[in-house]
Amino acid sequence: MTTMESLIGLVNRIQRACTVLGDYGGDSALPTLWEALPSVAVVGGQSSGKSSVLESIVGRDFLPRGSGIVTRRPLVLQLHKTEEGLQEYAEFLHLPKRRFTDFSIVRKEIQDETDRMTGRTKQISPVPIHLSIYSANVVNLTLIDLPGLTKVAVEGQPESIVQDIENMVRSYIEKPNCIILAISPANQDIATSDAMKLSREVDPTGIACAHCFQLQLNMASLVYTAAITSLFAFLSVSFLGERTFGVLTKLDLMDKGTNALDVLEGRSYRLLHPWVGIVNRSQADINKNVDMIAARRREREFFATSPDYGHLSSKMGSEYLAKLLSKHLEAVIRARIPSITSLINKSIDELEGELDHLGRPIAIDAGAQLYTILELCRAFDRIFKEHLEGGRPGGDRIYGVFDNQLPSALRKLPFDRHLSLQNVRKVISEADGYQPHLIAPEQGYRRLIDSSLNYFRGPAEASVDAVHFVLKELVRRSIGETKELRRFPTLQAELAAASNEALERFREESKKTTLRLVEMESSYLTVDFFRKLPQEVEKGGNPSASAADRYGEGHFRRIGSNVSQYVAMVSETLKNSIPKAVVHCQVREAKRSLLDHFYTQVGKKEGKQLSQLLDEDPALMERRQQCAKRLELYKSARDEIDSVSWSR
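Residues numbered from 1 in each chain as written. Predicted model: local features only at pLDDT ≥ 70, side-chain atom pairs only at ≥ 80, totals over all residues. Heavy atoms only, no water.

**Q** Can you tell me about the packing of helix α13 (residues 396-411) against helix α17 (residues 457-481), naming the residues and giving the values?
**A** Axis angle and axis distance: for two packed helices, these are the angle between their axes and the distance between the axes, and together they describe the pair. Running from N to C, α13 and α17 cross one another at 155 degrees; their axes reach a closest spacing of 10 Å. On the basis of the axis angle, α13 is roughly antiparallel to α17. The element α13 and its partner α17 pack so that their crossing is right-handed. Contact residues: α13 offers Arg397, Ile398, Val401, Phe402, Gln405, Leu406, Ala409 and Leu410, while α17 offers Pro459, Ser463, Ala466, Val467, Val470, Leu471 and Glu473. (Axes fitted to C-alpha atoms, helices over the stretch in contact; angles between N-to-C directions. Helix = DSSP H or I, 4+ residues; strand = E, 2+ residues; numbered from the N terminus. Parallel < 35°, antiparallel > 145°, perpendicular 65-115°, else oblique. Left-handed = near helix turned anticlockwise from the far one by under 90°. Contact = heavy atoms within 4.5 Å.)

**Q** Break down helix α21 (residues 553-593) for me, citing the residues and quoting the values.
**A** Taking 1.5 Å per residue as the helical rise, α21 with its 41 residues ought to reach 60 Å, and the 57 Å between its terminal C-alpha atoms agrees with that figure. Largest kink in α21: about 40 degrees, centred on Val583. (Expected span 1.5 Å × (residues − 1). Bend = angle between axes of the 7 residues up to and from the residue.)

**Q** Could you give an account of the nonpolar core, with specific residues and numbers?
**A** Counting 100 residues, the largest nonpolar core has Leu33, Phe62, Leu131, Ile173 and Leu251 as the members making the most contacts within it. Examining the composition of this core, we find that 14 residues originate from one element, helix α11 (residues 318-358), more than from any other. The contacts of Leu33, once residues within four sequence positions are left out, are Ile14, Cys18, Asp23, Ile340, Leu343, Ile344, Leu633, Tyr634 and Ala637. Counting 63 residues, the second largest nonpolar core, distinct from the first, contains Leu491, Leu517, Val570 and Ile578. (Core = buried A, V, L, I, M, F, W, Y, C linked by side-chain atoms within 4.5 Å. Buried < 20%, exposed > 50% of the residue type's maximum accessible area, 1.4 Å probe, protein only.)

**Q** Outline α13, listing residues and values.
**A** Its 16 residues place the ends of α13 22 Å apart at the C-alpha level, agreeing with the 22 Å of an ideal helix rising 1.5 Å per residue. Maximum bend of α13: about 30 degrees, positioned at Gln405, with proline Pro407 one to four residues after it. When we look at burial in α13, the residues that qualify are Ile398, Gly400, Val401, Phe402, Leu406, Pro407, Ser408 and Leu410. Against α12 (366-389), α17 and α21 lie the buried residues of α13.

**Q** Explain the packing of aromatic side chains to me, and be specific about the residues and the numbers.
**A** Following the criterion strictly, the structure yields 9 aromatic pairs and no others. Here Phe415 and Phe456 contribute two aromatic rings whose centre-to-centre distance is 5.6 Å and whose plane-to-plane angle is 55 degrees, an arrangement assigned as tilted. Residue Phe415 is located in helix α14 (residues 415-418), and its partner Phe456 is located in the loop between α16 (442-453) and α17; the two are separated by 41 residues in the primary sequence. Exposure remark for Phe456: the relative accessible area of 1% places this residue in the buried category. Ring pairs connect the aromatic residues Phe302, Phe303 and Tyr309, which therefore count as one cluster. The ring of Tyr89 carries Arg99 above its face, with NZ or CZ at 4.0 Å from the centroid. One residue, Arg507, lies across the ring of Phe469, its end atom 5.9 Å from the ring centre. (Phe/Tyr/Trp six-rings, centres within 6.5 Å; stacked < 30°, edge-to-face > 60°. Lys NZ or Arg CZ within 6 Å of the ring centre and 35° of its normal.)

**Q** An account of unusual backbone geometry is requested, with residue identities and associated values reported.
**A** For Lys250, which is not a glycine, the phi torsion comes out positive at approximately 60 degrees. Summarising the element assignment, Lys250 is placed in the loop between β9 (244-249) and α8 (261-264).

**Q** Describe the pattern of salt bridges, with residues and values.
**A** Scanning all chains against the criterion turns up 36 salt bridges. In this structure, Glu519 and Arg457 form a salt bridge, with 3.4 Å as the shortest nitrogen-oxygen distance. Of the two residues, Glu519 sits in helix α18 (residues 489-523) while Arg457 sits in helix α17, which places them 62 residues apart along the sequence. Among the salt bridges present, the one from Arg505 reaches Glu501, with a minimum N-O distance of 3.7 Å. Residue Arg505 and its partner Glu501 are both found in helix α18; the two are separated by 4 residues, about one turn of the helix. The class for Arg505 is partly exposed, based on a relative accessible area of 37%. When salt bridges that share partners are traced, they join Glu55, Asp61, Arg107 and Arg281 into one network. (Salt bridge = Lys/Arg side-chain N within 4 Å of Asp/Glu carboxyl O.)

Structure, rendered in structure tokens:
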């Protein structure tokens, strides 16, 4: 069975974890647990008696006092009831190993910690201060003291301070899990109360103005039945609110002959929860350091002996208010625990998924860093090979080079012009020199063939370059598709540079090999092809006629045709051998040893150089750190909830 102490203590522990790990609501891009936790926010204008109410509940004088805005950071005040006879003490979350038994030092530490965050200016900060007080004179309760609402900026404050404070207060009290403790002074018109005005805006169904209802009853046009209908409508609306508690302070300072019964009994402003009247210490009491326990006794005597409030005395005073809030907070926590648990589990799943996407933090050890780099390189290399082997698109473009670009380039070679009648005659004549050939112009043939085969260098080099650019593009795509690498722009750049450097070496080797194939065709002609040429003459049956035509146009046309046939035969050979050379020298080597040189260089690097390779985008590092801290918070909260024994 859960107890009030365990429930409120549970939320206290989760709130402390929230602050330590940077979750205190606001405009956070991360899931926030702080805003899901039930809390009691204390709201009031300056000089409304807000600080005195808190000190009365605690039974200690511990809050900073002064003119202007004294509370400039939210104060999360966690009260823990202890056994009688134990010494009272206080602890701050930011000073976890120090206990304060002198509450005047607690006051000074609140002021100093505020100044540490805001400086000695009058600025405000949303980062809360956590203060835990352990005493036999308190009930288990958590209150959040917010800066007092103000209407004008004082010297040293920006003009926006009025709106800044309202926005901060609103950010706390507009969340549905917040219980609003609205403090209003009794010696001012309740209609002008800053606290009630803001509470009415964020919790509109919790407050109904009785003046409005009275106005409806007094309207002459309303018949009796309509008035009854309005009455029921009023009652139903006024009891819908769940979050606002009204506190009326300074009842002892009202003008003689007046009282606040219309407010306290719900006739002026009707709340779902009853109004509670408080009598604080006077300024003279504060100046005289009147004991808070004595002040509580005086408060009880005031209500018990008051002719106006005596019938309400059992439901008035700071002690009653503390018990009322504690009981209500416990009920709200119990009701909200299932939804908080659901939120925690959902957020843990989301944060773990995001951390998986962002990647885990990198180890500091040089050996672990080297292992990480090699694993990242292998992941890239695996994707690169998948592109080449068909597991991913892109490798088919290499086949396109061999099947389309190379044949097309070979067909477009200018052999028609080079083997034209005019050029053949010119080459043959130049090869003959001063003495014309006798039977077949062998030197002329060789010159024509050699110059024709030289044209194959262009398509061979173009094929090498085309495959090179495909491989470079696949490297670029593979780096982009390696999710693990996205965190490390420096390593990406180094991998790209190392891969491209290796591809350049493969290209140079491939060019040498393919050009060597062309040169081999020029170096040694296929003899069997040319041995057919004399046989062709003999089959003609008229050698003398052939000799007569040896220098005629038909003779040169036959030479051109023979060379063209030979070149076509070589073209078919190169169309098959060039792809083999390119694949062997570039594609095969890229698959086998793309990063071999890089691995050698990485193995020689020192720890600092390895760390530089694993430098990440600062924004990504910060996001991972935030997610990790928030995940730690949610897991801690889940463990806290699991540690409580729930009633069935």
